[in-house]
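# Fold and contact review
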Amino acid sequence: MRRVKLPKKWDVREKRILTEDQTVRVIARLEDPIKLIAETCLDTGTRISEVLGLQLKHVDLEQGSIQIAQRNWRGDIDVPKTERSKRKLALGDLSDRYKVWIDQLKRQEPEAWLFSQADNPKEPMWDSGVRTALKKAAVEENCDFPGFGPHSLRRANITRRQEVGGSSIETSQIAGHANTKMTEQYTVVAL
């Protein structure tokens, strides 16, 4: 196609994130595994599909890291969204929580899903249960807004990382974005 001009992209919903206090209160209402999934999205900036695509072989407790090598989008297991999305991320303070979580898993082989369905441990969890639990917790804390979900936690990570002095290039690499323009779209600038 030639001479086709696409209109400027518009947002369906306002890009918002919870305050730090609201985030703490919402996450405090969650229980594992939803709580650990939400904390992973918030602390590492991963997409929900990347967290739900984790298998035991992707977790290195000695290094305190996770390897993003695949994603699970509603049962469709595939490569991550972009080539740059394949990355290794530090777990930081979540390392101990991951160790406890892994120790209590029913299946310990490398191919086992880190977050499996409650009634079928051989299948990975879907994002809908995480979304529902997050929305419920946000409603209970009176801080829900249209579009709030796991992706809001990713947006909060990207924004806060830059607020404390991280460069857009560094943030883009950690987020697995194809370029820094995408990172700019995720950043919610405080007025």
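Residues numbered from 1 in each chain as written. Predicted model: local features only at pLDDT ≥ 70, side-chain atom pairs only at ≥ 80, totals over all residues. Heavy atoms only, no water.

## Digging into the pattern of salt bridges
Tallying each qualifying case throughout the model produces 19 salt bridges. When the shortest N-O distance is used, the salt bridge between Lys99 and Asp103 registers 3.3 Å. Taken as a pair, Lys99 and Asp103 lie in helix 4 (residues 95-103) at a separation of 4 residues, close to a single helical turn. Here Lys99 falls in the partly exposed class, since its relative accessible area comes to 43%. Through salt bridges with shared partners, one network takes in Asp21, Arg25, Arg29, Lys136, Glu140 and Glu141. (Salt bridge = Lys/Arg side-chain N within 4 Å of Asp/Glu carboxyl O. Helix = DSSP H or I, 4+ residues; strand = E, 2+ residues; numbered from the N terminus. Buried < 20%, exposed > 50% of the residue type's maximum accessible area, 1.4 Å probe, protein only.)

## What to know about the packing of aromatic side chains
Tallied over the entire structure, the rule returns 3 aromatic pairs. Ring geometry for Trp101 and Phe115: centres 6.0 Å apart, planes at 25°, overall stacked. Taken together, the residues Trp101 in helix 4 and Phe115 in the loop between helix 4 and strand 6 (116-117) connect sequence positions 14 residues apart. The pair formed by Trp101 and Phe115 is uniform in burial state, with each residue classed as buried. Cluster of aromatic residues (ring-pair linked, three or more members): Tyr98, Trp101 and Phe115. (Phe/Tyr/Trp six-rings, centres within 6.5 Å; stacked < 30°, edge-to-face > 60°.)

## Re the pairing of strand 7 (residues 120-124)
Relative to strand 7, strand 6 is paired through 2 bridges, and the arrangement is antiparallel. When the bridges of strand 7 are listed, Gln117 appears paired with Asn120. If you look at the hairpin formed by strand 6 and strand 7, you'll find 2 residues sitting between the two strands. (Pairing = 2+ DSSP bridges.)

## Focus on the layout of surface pockets
Space inside the second largest pocket adds up to approximately 280 Å³. What lines the second largest pocket is a set of 14 residues, among which Trp101, Leu105, Lys106, Ser116 and Gln117 lie closest to the centre. Of the residues belonging to the lining of the second largest pocket, the class tally is 9 nonpolar, 3 polar and 2 charged. (1 Å grid on protein atoms, 1.4 Å probe; cavity = no way out; pocket = protein on both sides within 12 Å on 5 of 7 lines; lining within 4 Å. Points joined across faces, edges and corners; volume = space filled by probe spheres on them. Nonpolar A, V, L, I, M, F, W, Y, C, P; charged D, E, K, R; others polar.)

## Digging into helix 2 (residues 34-44)
Most of helix 2 sits inside the fold, with 9 of its 11 residues counted as buried. Of all the positions in helix 2, only Ile34, Leu36, Ile37, Ala38, Glu39, Thr40, Cys41, Leu42 and Thr44 are classed as buried.

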